[in-house]
Amino acid sequence: MTPLARLLAERIRETGPITVAEYMAECLMHPAHGYYTTREPFGTGGDFTTAPEISQMFGELIGLALAQAWLDRGSPSPFTLAELGPGRGTLMSDILRATRSIPGFHAAASITLVEASPRLREVQAATLSAFAPAWVDRVEDLPRAPLFLVANEFLDALPIRQFLRGPQGWQERLIGLRDDTLVFGLSARLPQVPDTPAFRHAPEAALVEDNQSARVVVAEVANRINSAGGVAYWIDYGGWRSEGDTLQALRNHAPDDPLANPGEADLTAHVDFEPLAALSQAFALDTQGAVLSRLGIDARAERLARNLTGTALESHRAAHRRLTHAEEMGSLFKVLAITSAGAPPPPGFS
Ligand code: SAH
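Residues numbered from 1 in each chain as written. Predicted model: local features only at pLDDT ≥ 70, side-chain atom pairs only at ≥ 80, totals over all residues. Heavy atoms only, no water.

A. Structural context of the packing of aromatic side chains. Scanning all chains against the criterion turns up nine aromatic pairs. Plain terms: the ring middles of Trp-70 and Phe-105 are 5.1 Å apart, the flat faces sit at 75° to each other, and that makes the pair edge-to-face. Note that Trp-70 is positioned in helix α5 (residues 56–72) and Phe-105 in helix α7 (residues 105–108), a separation of 35 residues in sequence. A residue is classified by how much of its surface remains accessible, and Phe-105, at 0% relative accessible area, is buried. Note on Trp-170 and Phe-199: the rings are 5.1 Å apart at their centroids and 55° apart in plane angle, and the pair reads as tilted. (Phe/Tyr/Trp six-rings, centres within 6.5 Å; stacked < 30°, edge-to-face > 60°. Helix = DSSP H or I, 4+ residues; strand = E, 2+ residues; numbered from the N terminus. Buried < 20%, exposed > 50% of the residue type's maximum accessible area, 1.4 Å probe, protein only.)

Okay, structure coming up:
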């Protein structure tokens, strides 16, 4: 039993079963035992590898897309260059290197990072020490200015709730105790559930996931872009509409039972983009493979390949494939871009 499992069992014994969202929030962000607050999840030593950690090309192309969007919108100055959940700071570092030669872009940018983990803030501060970024706790605290934002694998870490459509109505999936072990169970029937298309169209026996935290975050960003201008790119794995139980745990690069090792495994869920896209005035959605290809990843990969030989060249080619190929991250990962009504379309979409 992990230390966090003991704490959760105590809490459940005292106050009853908890929701999947409460469980996820504790597992990821508990101040003393949370996964992001205590562990180094990224890279070969960690549990998973994200796109910016696979290749510098990812951040370079996103950086150039943000800069192009900024130019298309008349180079507003000052503006906020924001990232949500920056991990090790690799993506922002690649964005800033790739945009160095765009006249005025760095001078006009105030770089702001939204990060909940104090430990990861320190890592980000070291990676980005040349740029003096600012940190805020929530998107509501971002400066009021035109907003150019990226969030990679951020929404999938926000806590989801799960609901089951039974013959007599909706019930929520809860986590309780059996013989001191954490187990899934169901709530009593619910008088109401969130009013999103996934709930409205769910067949009987369907499990529907709801990421209310993601809706709150995306709504705030969409409102700001609508009033002050800008673009936001949300990159994550998932699909258009909730498709059953996608809660998953990863521990030491291998799938784990989500209830087995709270605090010691990464927990994520697929992102459902339909209810998020609906929050913006104008959006575009496509696969990561298609967007990176329109942003010019093939040419960039060839350019970098010219200076490489041997195993470095092989791993560069493998990284290119991993980011774009349909059997790897190319089609499971999606890019949702949101902008304001009547604004130029976001770079990377046809
Ligand atoms: N974008 C990075 C890291 C993804 S992991 C990459 O692609 O490599 C998720 C990141 O979001 C971590 O930095 C984590 O600490 C942060 N995070 C998770 N929940 C958060 C929340 N509610 N508020 C702010 N940051 C959060």
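B. Fine view of the sheet that holds strand β12 (residues 254–256). Pairing is antiparallel in the open sheet, where three strands are placed in the order β12-β11-β13. A strand with exactly one partner marks an edge of an open sheet, and here the two such strands are β12 and β13 (266–268). Pairs of neighbouring strands in the sheet enclose a mean axial angle of 40°, with direction left out of account. Sheet topology places strand β11 (residues 248–251) next to β12; three bridges connect them, and they run antiparallel. By the bridge assignment for β12, Ala-249 is matched with Asp-256. (Pairing = 2+ DSSP bridges. Axes fitted to C-alpha atoms, helices over the stretch in contact; angles between N-to-C directions.)

C. Structural context of the site of the ligand. Residues in close proximity to the ligand total 17 residues, the closest being Thr-50, Gly-85, Gly-87, Glu-115 and Asn-152. Gly-87 is positioned with one of its backbone polar atoms (N or O) 3.1 Å from an oxygen atom of the ligand. One of the backbone N or O atoms of Ala-116 is found 3.2 Å from a nitrogen atom in the ligand. If the ligand stood free it would expose 570 Å²; the protein chains cover 92% of that surface. For the shell around the ligand, the per-class residue count stands at nine nonpolar, five polar and three charged. (Near = heavy atom within 4 Å. Polar contact = N/O pair within 3.5 Å; in protein donor to acceptor, adjacent residues only side chain to side chain. Areas by Shrake-Rupley, 256 points an atom, 1.4 Å probe, with all protein chains shown as cover. Nonpolar A, V, L, I, M, F, W, Y, C, P; charged D, E, K, R; others polar.)

D. Here's a closer look at the nonpolar core. Leu-81 and Tyr-233 are the most contacted members of the largest nonpolar core, which has 43 residues in total. Discounting chain neighbours no more than four positions away, the residues touching Leu-81 are Leu-66, Met-92, Ile-95, Leu-96, Phe-105, Ala-109, Ser-110, Ile-111, Thr-112 and Phe-148. One finds Leu-147, Ile-225, Trp-234 and Leu-336 within the second-largest nonpolar core, a separate group that totals 26 residues. (Core = buried A, V, L, I, M, F, W, Y, C linked by side-chain atoms within 4.5 Å. Contact = heavy atoms within 4.5 Å.)

E. Spatial organisation of the packing of α5 against helix α13 (residues 297–305). Direction vectors running N to C along α5 and α13 enclose 130°, while the axes themselves pass 11 Å from each other. The angle between α5 and α13 falls in the class oblique. For α5 against α13, the interelement crossing comes out right-handed. Two secondary-structure elements touch here, α5 through Gln-56, Met-57, Glu-60 and Leu-61 and α13 through Ile-297, Arg-300, Ala-301 and Leu-304. Tallied by class, the residues present in the contact of α5 with α13 amount to five nonpolar, one polar and two charged. (Parallel < 35°, antiparallel > 145°, perpendicular 65-115°, else oblique. Left-handed = near helix turned anticlockwise from the far one by under 90°.)

F. Spatial organisation of the environment of Gly-289. Considering the arrangement of structural elements, one finds Gly-289 in helix α12 (residues 288–294). Judged by relative accessible area, which is 10%, Gly-289 ranks as buried. It is 10.0 Å that separates the C-alpha atoms of Gly-289 and His-320, two residues lying 31 residues apart in sequence. If sequence neighbours within four positions are ignored, Gly-289 has contacts with Thr-324 and Gly-330.

G. Expanded view of the environment of Arg-321. Residue placement: Arg-321 occurs in helix α14 (residues 310–324). Take Arg-321: its relative accessible area is 38%, and that puts it in the partly exposed class. Sequence-wise, Arg-321 and Gly-289 are 32 residues apart; in three dimensions their C-alpha atoms are separated by 9.4 Å. Filtering out sequence-adjacent residues up to four positions away, Arg-321 remains in contact with Glu-327 and Glu-328.

H. Region of the structure containing the packing of helix α1 (residues 3–15) against helix α2 (residues 20–29). Across the interface, α1 lies against α2 with an axial gap of 11 Å and an inter-helix angle of 145°. By crossing handedness, the relation of α1 to α2 is classed as right-handed. Contacts from Leu-4, Leu-8 and Arg-11 in α1 reach Glu-22, Tyr-23, Glu-26 and Cys-27 in α2.

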